[in-house]
Structure formats: C-alpha cells, structure tokens
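Here is what each chain is made of, one letter per residue.
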Amino acid sequence: MTNKSSVPKKLSFISIYFLGINAVIGSGTFLLPSVIYRYMNLTAILVLLCTAVTVSMIALCYADLSSRFTQSGAAWLYSYNAFGRFSGYELGIFTWFLGCTTLSAEVVALLTILKSFLPIFKNNAVYISGVIFLILLFSIINFFGRSWVKIVNNISAAAKIITLLVFIIVGAFFIKKAHFTPVIPHAALTGVGPFFKHFGAAFTPIFYLFTGFSFIPIAAKQMNNPEKNIPRVLIAVMTSVTILDCLMLLVAIGLSGQKLGGYSNPLASALKTGVGQWGFAFMIVGMLISIFGVAFSASFNTPSLIASLATEHGMLPKWIGKKNKHDAPWVGIIFTAVLSGALATQSYLFLVSCTVLASFVQYVPSILAVIKFKHSNEYPTHGFSLPGKYTVPIIALISSCYMVTNFTPKTLLLGAVVAVIAAACYFFIDKDEKLEKEHEDFLAKLRRKN
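Conventions used here
- Residues numbered from 1 in each chain as written.
- Predicted model: local features only at pLDDT ≥ 70, side-chain atom pairs only at ≥ 80, totals over all residues.
- Heavy atoms only, no water.
- Helix = DSSP H or I, 4+ residues; strand = E, 2+ residues; numbered from the N terminus.
- Buried < 20%, exposed > 50% of the residue type's maximum accessible area, 1.4 Å probe, protein only.
- Contact = heavy atoms within 4.5 Å.
- Areas by Shrake-Rupley, 256 points an atom, 1.4 Å probe, with all protein chains shown as cover.
- Salt bridge = Lys/Arg side-chain N within 4 Å of Asp/Glu carboxyl O.
- Polar contact = N/O pair within 3.5 Å; in protein donor to acceptor, adjacent residues only side chain to side chain.
- Patch = residues over 30% accessible without salt bridge, like charges linked within 9 Å, V, L, I, M, F, W, Y side chains within 5 Å.
- Phe/Tyr/Trp six-rings, centres within 6.5 Å; stacked < 30°, edge-to-face > 60°.
- Expected span 1.5 Å × (residues − 1).
- Axes fitted to C-alpha atoms, helices over the stretch in contact; angles between N-to-C directions.
- Parallel < 35°, antiparallel > 145°, perpendicular 65-115°, else oblique.
- Left-handed = near helix turned anticlockwise from the far one by under 90°.
- Nonpolar A, V, L, I, M, F, W, Y, C, P; charged D, E, K, R; others polar.
- pLDDT = per-residue confidence, 0-100.
- Core = buried A, V, L, I, M, F, W, Y, C linked by side-chain atoms within 4.5 Å.

1. Topic: the overall build of the chain
Counting its regular elements, the chain contains 17 helices and 0 strands. Per-residue burial over the chain gives 57% buried out of 450 residues. Long-range contacts, defined as pairs at least 24 residues apart, comprise 83% of the intrachain contacts of the chain with a sequence gap of at least 6. Accessible area for the chain stands at about 18400 Å²; split by element, carbon and sulfur atoms hold 70% of it.

2. Regarding the pattern of salt bridges
Counted according to the given criterion, the structure contains 2 salt bridges. For the salt bridge of Lys374 with Asp64, the shortest nitrogen-to-oxygen distance reads 3.7 Å. Of this pair, Lys374 sits in helix H14 (residues 348-376) while Asp64 sits in helix H4 (residues 44-66), and the two are 310 residues apart along the sequence. Linked through salt bridges whose partners overlap, the residues forming this network are Asp64, Arg68 and Lys374.

3. What to know about the environment of Ser347
Tracing the backbone shows Ser347 in the loop between helix H13 (330-343) and H14. You can call Ser347 partly exposed: its relative accessible area is 43%. C-alpha of Ser347 to C-alpha of Thr112: the two residues are 235 residues apart in sequence and 9.9 Å apart in space. A distance of 3.3 Å separates the side chain of Ser347 from the backbone nitrogen of Phe350, its partner in a polar contact.

4. Notes on a nonpolar patch on the surface
Nonpolar side chains collect at one region of the surface, where Ile128, Ile132, Leu136, Ile140 and Phe144 lie side by side and expose about 450 Å² of accessible area between them. Turning to its location among the elements, Ile128 is positioned in helix H7 (residues 124-143).

5. With respect to the packing of aromatic side chains
Taken as a whole and assessed by the stated rule, the structure comprises 13 aromatic pairs. Considering the side-chain rings of Phe86 and Tyr426, the 5.1 Å spacing of their centres and the 75° angle between planes classify their relative orientation as edge-to-face. Residue Phe86 is located in helix H6 (residues 85-117), and its partner Tyr426 is located in helix H16 (residues 409-426); the two are separated by 340 residues in the primary sequence. Given the relative accessible area of 7%, Tyr426 is considered buried. Aromatic side chains Phe138 and Phe292 sit 5.0 Å apart centroid to centroid with 55° between the ring planes, which places their arrangement in the tilted category. Of this pair, Phe138 sits in helix H7 while Phe292 sits in helix H12 (residues 277-311); the two residues are 154 residues apart in sequence, bridging distant segments of the chain.

6. Re H14
The end-to-end C-alpha separation of H14 is 43 Å, in line with the 42 Å expected for 29 residues at 1.5 Å each. Capping the start of H14 is the job of one residue whose side-chain oxygen sits 3.3 Å from the backbone nitrogen of Phe350: Ser347.

7. Describing the packing of H6 against H14
Contact geometry for H6 and H14: axes closest at 9 Å, N-to-C directions at 155°. Judged on the interaxial angle alone, H14 and H6 are roughly antiparallel. In terms of crossing hand, the pair formed by H6 and H14 is left-handed. Touching Leu91, Phe94, Thr95, Phe97, Leu98, Thr101, Thr102, Ser104, Ala105, Val108 and Ala109 of H6 are Tyr348, Leu351, Cys354, Thr355, Ala358, Ser359, Val361, Gln362, Pro365 and Ser366, all from H14. Of the residues belonging to the contact of H6 with H14, the class tally is 13 nonpolar, 8 polar and no charged.

8. Observations concerning the confidence of the model for the chain
In the predicted model, the chain carries a mean pLDDT of 82, and 87% of its residues have values of at least 70. Mean pLDDT in the chain bottoms out at helix H17 (residues 433-449), which sits at 57, and peaks at H13, which reaches 91. Below a pLDDT of 50 lies the segment residues 1-6, which in the model reaches 1 contact outside its immediate sequence neighbourhood of four places, other chains included.

9. Description of the nonpolar core
Core analysis: the largest hydrophobic core is formed by 139 residues, its most contacted members being Phe167, Phe210, Phe213 and Tyr348. Here the element with the most residues in this core is H6; it accounts for 17 residues. Among all residues touching Phe210, those that are not within four sequence positions of it are Val24, Leu48, Thr51, Ala52, Val55, Met238, Val241, Thr242 and Asp245.

Written as structure tokens, this is what we have:
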C-alpha cells in the first residue's frame, strides 16, 4: 500500500501565481527605471505599455501551448513536438542558459545593492564569497523540494507586492506635477531615426522587466492541473505586473523628475525625496526581498528544466535527471549552481543583455509552434485557445523579431557561440537503440493522451 503522505504535494494555483510574480518582478523593476527614463522621459510609460502588449502577445502563445501539454519543459517541449528532436534540444539548452543568466543577474544585483550601504562588499574576495554563499543557499533550499519552495516563494512574493504598493500609495501623495516635464527628450524629436534609437534603447531594458513569465510552465509536472492553471496564471501575472510597473514608473517620475535618470537606486532614492530617509531604507529592504525572490524562483525552475531534458526525452544522459527523496533534481541543481556561479562574475548589464537574447531565441520557435499546431491540430488545446486563430501569434512573431534590431554584435556573437557548443555536444550524446525506442514509445503515448 502506497503511503500517501510520502507523495509530494502539487503546487496550487495561488502558489503558481506567486511563483510567476517572483519570476517577473525582480531587479529590473527596481534598478532599471533610471535607464528607461533617461531615454524616453515621461513617454517611457507609453513605451512600457507597448512592451507589455508585445510580451502579452507572446505570453498568450505560451498559454495556448501550455494548454496542450502537461509535461515539464515549456519552450523546448513545444519546439520539440513541433519541429523535432534537435530543435527541442537546442531550445532546451538556451532555456536552461536563460535560467542561469537570470539567476546570476539577480545575485549580482543583490550584491550590488548591498555594496551601496555595506562597503565591505566592494572587496573582491568578499563579493565572490557572497556569490558562492547565495548560490549555495538557493541550492540547499531546493534540495528539500517543493515544501520549502512554497514557503519561501509565497513569503517573498507577498513582501514584494506590499513593497511596491507602499511605494505607489505613499509616493502618490508627494508627486509634483512639474516633474512630468519634459515629456520626451529633445534629442528623440530631431528625426525618425533618433526617435527609434531612443525607443529601442528603452524597449530592451523594459522587456527585461517581463521576461520571467516564460519560466512558469517549466515545472508543469509539479503543478495541479497545469493545462488549465498555467494559462490562467500567465494572464493573471502579466496583467498584475503591467499595472504595477506603470504605476511604479509614474510615481517615480512624479517624485524625482529629471533627477530620476541619474539615480543608481531609482525607486529607493525617489521615495527618499518624498518622505525622507525611512523611505529609502524601506525600499532597500523591499528591493533585497524582491531580488532574492526572483533569484530563488530561477534557482527552482532552472534545474527542473535540465532534468526534464534528460528524463522525458533522453536528450541528455539520464543521470542528469536524477532526483532525491524530496523529488528535487539534485544533479540539475548542481549543474545550475556551477554555471550560474561562473556567470555571476560578469556585470549586471551584460547579464541583462544575455537574458533578453536567450528569451528571444526561445520565443520565436514557440510562436511558430502555435501556428503549426493550429494548422495541423496535432496537439489540441485542453482548456485555453487563442482567439483570432493566427492573429495573435503573427503579431507576437513580428514584435519578437523587432528585438533583433536592439542586440549588439557582442550579444549576437555570444548567442552564436552557445548554439554552436550545444550543437557540437548534441552529436556526442549516446543515442543507442534502446534510447530511441523509449523516445518513440513516449511520443506514441503522448499522441494517444492528446
């Protein structure tokens, strides 16, 4: 007789929602408003809304896809079933890379904030020790599986939302109308070229504010009723974050005006302008909690991804997908910790650009998968379907391709290097007859289920 108490509990709708909030609201929300304002002034709010609509189109494609599958994996799983084994493998590696860069960026952001009031972290040895400590801490928590995940995730997400709401509500009483000018930088009005240059420069960091949504379906097998809950969560998270970000930016501009563009800790400094030192201290604490939450969310989802690559389709050696008694993918946790630790030696802005690049690489094949499945009806939806048939995915595809114009040659080169290394490793993976048979059996079972 099976001991039911030994079976790990599935994540509920509210836990998935908080996981999504933690995945999206992070360091970018607190550190990038100054960069965004610098390029577009008050018009940055319109750019934020345009970006939110763009990302929402992509998120709706993910909602459609997640309604077709219950397996873990997200983007790589969709590409695998749409375009074949190699496509799924490449996208899986890039999605794992995205998780590692996100984790690294949040760790670097966390330590960068600590530097602002704890000078000891300016010492390189102390800084590296901080990186190692944080990544080890996340790994240890994840070794104990979902019970710890739900506790830490729900607390940090709730604290994060409260912090933003306090900033918006309290800060609104100290807004000065004069700070809402200029509406747009004079340099952006000198011609079409300069305008789109400024728009693109603001679009990229704003896009980073939303990239975390793609992590939500990665651990689908650990969730209750994923084919129905994930689409609902994706829509709820994108709506919540868009509203919070717009109000946050509006209040920040109203508090600081043109000074906002020069702040290293824009929201904390903006609230300090309005209410004094306690506002700065409150926001610093909120930033640390928020960034810790995103890093933790990435540290939970990313190992699940590499484990699913190994266990569900044999794209990696099976031992990489091994789990402990708490149902935690311990080998994947170690692999993720090692790569994230190495990446965390780089600068924050470099890691942000890497994250946006990896996001782009997984969005385009996923959108194309929606179009293919709608055409073939090979994997019908179970609870959610995009309206307008091809309209949403086509808009999402055009919007995603626009991101290419904002990548630097260095960023594109890095993407090419990751793709080439992944491809080279693919041809050394053992693909004996037994593995191929398991692969075919799984596909047949999946088709029967759908």
